[in-house]
Each structure stands twice: as structure tokens, then as C-alpha cells.
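What follows is each chain in one-letter form.
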Amino acid sequence: MKNKNRVSIRATRLKAIDRHMVHLLALRTRLASEVAMIKVEDNTPLYREGVETDRLNAVSEWARMDGINPEFARSVLYPIIGESCKRQMTVIDQLRLEGVAEKFNPTLQELRQNLISLTDAWALQYDDCYGTGHPATVAFSQYEQSIIDDNIRALDNNDFVLDLGCATGRELRRIAHRFKHLQGFDISQSMIEVGRMLNEDRQLKNLLLHVHDIETKLPLADNSVSMVIMNCGTGSDVSDITSTFAEIRRVLMPGGRFVISFYNREAWTQQVFFPWPLGLVAGIDQDRNCLEVYDGTKYVPIFARPYSLGEIESFIPSHLSILSSATYPTLAAILPPEVIEATNSDGVIAKIDNAIAQLETGLGAYIVISCKKL
């Protein structure tokens, strides 16, 4: 029985290694595609003499250092390089046919259209599935909700809360019992329609959802809103955040609060390449100012710009006072999901990340800020 258990443990580890190998192959394929896009845009040759030979030689040397057969390592890498070359040729052929494939740097209009397409596909399962299988995203959602709840408790007026980029209005439904009136704006018709059905099912007559581009003027009176929410990194989804901040200041009543989050440009996830699956639902590509989201068949870019905490603070207009700022999560964002699941039964990783947030290292995946209108 003891030997059987030892074999089972190692079989589980082999399976984990196999999973990571497949993930690495997927990463390599995506990078090869991006290289092809850049080569087309820069008009550089597909083949570079000696590059593949140098890689094969490097792998042989690494194999010797790790005590495995160098020729075996070369034989594994050789077809991988071949697959990458075939992938690059396919991408280049597609790029020559206008509209068949994305360019490396899609336009803002193309990124926004990608967002609409994704929300159309996700709307029905968004509330149940968002973050599923991505423990770092779930951890951030819980942390951000605690920040939102703290600010709600501190409000002098709980008349009206506004959610910008509300999706289906999931966060508004969570806090619906704490406000007299709730409204949400989102650019996605599909998300709003699903949200309205969910509101009707729960008989939430005080919660209204509207299709509206939050980068335009908000259809609300000055000094009319008790609290504004832009959660789940929505601040990074806005191309002109200074105008959005100005509108938030306009509609907030004196003493009103807002909570907003962004993707953190200075996070570990932005500074270091981690060759394993991370616990985040999506990752920022700083070269293109976009968020790469997997739609079930491929990675689709949508607009998202990461910021540093200092940049965000410089954008906040006068008469809005910063009450708190933090980056989160740090540890959970860089660990593989299976590590989090295996070690987090008592919430130890969340406790560590909460402590790191207090240290103000600035390395967490998201930035969340709360402010008050003076």
C-alpha cells in the first residue's frame, strides 16, 4: 500500500508537468504568431539564418547541465521549432488577405469591437462563470468588494449608487439592499439585456441598467450621486481616463465616494515572465495596451492600459481626495492555480496578500483606489 501511494504521488506530479508543458507550447505558439505579425509590419524576413541552430545548441547545453541526453532534448525542440515556423507562415499568409487576421497593433476601434463580440458571447454565463478557475481573480474580487463595503458604511447619504462598466450589474445586485436607487451603464447591449432579466427575476425595481458608453458625458445631473463604482479593473478599459474622472467628480455629491480599479503596470506579472499558468482570468500586453482574453478558441485582444499608482494619482482632479490605495493580489497573482488550491484551504495566501498590500510594495496585479469628493 505504501509503494502504491508513492507511485500515485509521482503520477500526479507527472500529470502536472505534462499540463505545464502543454501550457508552454501554447505560449510559444502565441509568441511565434506575434513575431510573425511584427515581421510583416516591419517588413523583415521570416527566416533568420543561424537563430534556430543557436536555440538547438542552447538546449543541448541546458540538457547537459540538467543531466539528460542532449540529443533527446534537441529532438524534442526540433519539431517545436518546425511548428512555430509553420504557424508564422500561416499568420503571414492570412495577414496578406485583408481582414482575415489581426495586425499586431489593432486600432482602438477594432479593440472595442472585439469587446462587443466577447460580451455578446459571454453575457448569459457571465455571472456564473467570471473568474471560475482563476483563483487570483476571485481573490481580487473579494478584496475589492471589501473596499467597496467599507466605503458604503462610511457614506452619509445612501440614496444613489452608480456603476460604470457594470456588465450585467452583478455588483449592483450584491449591494442592492444598501441603496435607495441603483444605476449601471455599460457599452454592451447583451450584458444589459441579461442584467435586466436577472433584475426582474429578483424583483429589483430600484436597479436600472442602461446601454451607454461611459467614455462620453454621463446622462446625470451634477452633484446627484452618492457613490460611483468602477470595479474589476474597468479603469484600464477606458481610453481617456482623465475625462472619465472629470465626469465622476461632476456627478458625485459633496461627501460622495468612488472606488475604481486598474491593472497595475508595475506588478510582478508585468515585470517578470512566468512560464506557467497564472491564476488571473486575463493578462495585459503592454506593447499593445490590450488585454488578451481567451474566448474558448483563441486569444482576443481588447483595449486595456495598465497604469502605475503614481500615474493614477496624478490624473485625479481637484476636490477629489484619495482615501486609500493598494495593489492586490501579489502572491496569488504569480502562483499556478493548483498551488493556490493545494495550500489555501485556510486562506493563508489571502492573509499573506493582505499583509503585502499593507506594506505598499506596489507589486500586486491590480490597483484599487477609493476617493471622496470634498
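Residues numbered from 1 in each chain as written. Predicted model: local features only at pLDDT ≥ 70, side-chain atom pairs only at ≥ 80, totals over all residues. Heavy atoms only, no water.

> Account for the overall build of the chain, with residues named and values stated.
Scanning the chain from N- to C-terminus turns up 14 helices and 10 strands. Split into buried and exposed, the 374 residues of the chain put 44% on the buried side. Here the analysis covers contacts within the chain between residues at least 6 apart in sequence; of these, 74% occur between residues at least 24 apart. A total accessible area of about 19900 Å² is found for the chain, and carbon and sulfur atoms account for 55% of it. Measuring between centres, the 39 positive side-chain charges of the chain sit 5 Å from its 47 negative side-chain charges. (Helix = DSSP H or I, 4+ residues; strand = E, 2+ residues; numbered from the N terminus. Buried < 20%, exposed > 50% of the residue type's maximum accessible area, 1.4 Å probe, protein only. Contact = heavy atoms within 4.5 Å. Areas by Shrake-Rupley, 256 points an atom, 1.4 Å probe, with all protein chains shown as cover. Lys, Arg positive; Asp, Glu negative; His and termini not counted. Charge placed at Lys NZ, Arg CZ, Asp CG, Glu CD.)

> Tell me about the pattern of salt bridges, and please be specific about residues and values.
The final tally for this structure, using the stated rule, is 14 salt bridges. In this structure, the salt-bridge partner of Glu61 is Arg64, at a minimum N-O distance of 3.3 Å. With Glu61 and Arg64 both in helix H2 (residues 51–66), this residue pair falls three residues apart, about one helical turn. The class for Glu61 is partly exposed, based on a relative accessible area of 39%. Of the charged contacts, one joins Arg250 and Glu247 as a salt bridge, the two residues approaching to 2.9 Å between their closest N and O atoms. On the criterion of helical spacing, the pair formed by Arg250 and Glu247 is a turn pair, its members being three residues apart in helix H9 (residues 241–251). Side by side, Arg250 and Glu247 carry an identical accessibility label, which is buried. (Salt bridge = Lys/Arg side-chain N within 4 Å of Asp/Glu carboxyl O.)

> Please provide a residue-by-residue account of the sheet that holds strand E7 (residues 290–294), values included.
Pairing within the open sheet is antiparallel, and its three strands lie in the order E6-E7-E8. Two strands close off the open sheet at either side, each with one partner strand: strand E6 (283–285) and strand E8 (299–303). Each adjacent strand pair in this sheet contributes to an overall mean axis angle of 40°, direction not counted. Where E6 meets E7, three bridges bridge the pair, whose relative direction is antiparallel. Residue Ile284 lies in a different strand from E7, and its bridge partner there is Leu291. (Pairing = 2+ DSSP bridges. Axes fitted to C-alpha atoms, helices over the stretch in contact; angles between N-to-C directions.)

> With reference to specific residues and values, describe the side chain of Ser33.
Along the chain, Ser33 falls in helix H1 (residues 2–42). Once residues lying within four places of it in the same chain are set aside, the contact partners of Ser33 are Arg87 and Val91.

> With reference to specific residues and values, describe unusual backbone geometry.
Trans is the prevailing form of peptide bonds, just as negative phi is the prevailing case for residues other than glycine. The residue after Tyr328, namely Pro329, is reached through a cis peptide bond having omega -15°. Mapping Pro329 onto the fold places it in the loop between strand E9 (320–328) and helix H12 (331–334). Phi is positive for Gln203, which is not a glycine, with a value near 55°. Assignment of secondary structure puts Gln203 in the loop between helix H8 (189–201) and strand E3 (207–211). The backbone of Glu360 sits at a positive phi, close to 60°, despite the residue not being glycine. Here Glu360 lies in the loop between helix H14 (348–359) and strand E10 (366–373). Taking the relative accessible area as the measure of exposure, Glu360 reaches 66% and is therefore exposed.

> Summarise the environment of Met230; cite the residues concerned and give the values.
You can see Met230 is positioned in strand E4 (residues 225–230). The class of Met230 is buried, set by a relative accessible area of 1%. Along the chain, Met230 and Ser261 lie 31 residues apart, while their C-alpha atoms are 6.5 Å from each other. With residues up to four places along the chain from it excluded, the contact list for Met230 reads Glu144, Leu164, Ile214, Gly235, Val238, Thr244, Ile248, Val259, Ile260 and Ser261.

> Can you break down the nonpolar core residue by residue, with the values?
Counting residues in each nonpolar core, the largest one holds 43 residues, and the members touching the most others are Tyr143, Val161, Ile175, Phe179, Leu182, Met227 and Leu291. Apart from residues lying up to four places away in sequence, Leu182 is in contact with Phe160, Val161, Leu172, Ile175, Ala176, Asn206, Leu207 and Leu208. (Core = buried A, V, L, I, M, F, W, Y, C linked by side-chain atoms within 4.5 Å.)

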